[in-house]
Amino acid sequence: MGDAENPGLSARNRFRGLVRSIDVDGVMGVIEIESGEHRVTAAITRKAIEDMGLEVGDEATALVKATSVIVMRGHHG
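Residues numbered from 1 in each chain as written. Predicted model: local features only at pLDDT ≥ 70, side-chain atom pairs only at ≥ 80, totals over all residues. Heavy atoms only, no water.

> Tell me what's going on with the sheet that holds strand β4 (residues 59-64), and back it up with residues and numbers.
The strand order across the open sheet built from four strands is β3-β2-β1-β4, with neighbouring strands paired in antiparallel fashion. This sheet does not close on itself; its edge strands, each paired only once, are β3 (38-45) and β4. For this sheet, the mean inter-axis angle between neighbouring strands, taken without regard to orientation, is 45°. Across seven bridges, strand β1 (residues 13-25) lies against strand β2 (residues 28-35) in antiparallel orientation. Of the residues in β2, the one forming a bridge with Val19 is Ile33. (Pairing = 2+ DSSP bridges. Helix = DSSP H or I, 4+ residues; strand = E, 2+ residues; numbered from the N terminus. Axes fitted to C-alpha atoms, helices over the stretch in contact; angles between N-to-C directions.)

The following block contains the structure:
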């Protein structure tokens, strides 16, 4: 299952934006992508960051495929 843009992917939730930060420690890294008024943070391997050549300011897309999402109505503290 895929879509017209990426026929090999089933993830439908996409956040296109700019890489705002990259923090690498050991074999893992955390990147933050600013997509409009939203920020998506992802933990990925150092190798993935290096293989993609990701740097702060680069355009990137976070693809989100969740097994469970819980939604609450309104603002709850």
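> Outline the environment of Ala42, listing residues and values.
Note on placement: Ala42 falls in strand β3. A sequence separation of twelve residues divides Ala42 from Val30, and the C-alpha atoms of the two residues are 5.5 Å apart.

> Provide a residue-level description of the pairing of β1, including the pertinent values.
Here β1 pairs with β4 via six bridges, running antiparallel. For Arg14, the partnering residue across the bridge sits in β4 and is Leu63. The turn linking β1 back onto β2 is made up of two residues, and Gly26 within it adopts a positive phi angle of 70°.

> Summarise the environment of Glu34; cite the residues concerned and give the values.
Mapping Glu34 onto the fold places it in strand β2. Sequence-wise, Glu34 and Val19 are 15 residues apart; in three dimensions their C-alpha atoms are separated by 6.4 Å. With residues up to four places along the chain from it excluded, the contact list for Glu34 reads Arg16, Gly17, Leu18, Arg20 and Arg39. A polar contact of 2.4 Å, which involves the side chain of Glu34, links it to the side chain of Arg20. (Contact = heavy atoms within 4.5 Å. Polar contact = N/O pair within 3.5 Å; in protein donor to acceptor, adjacent residues only side chain to side chain.)

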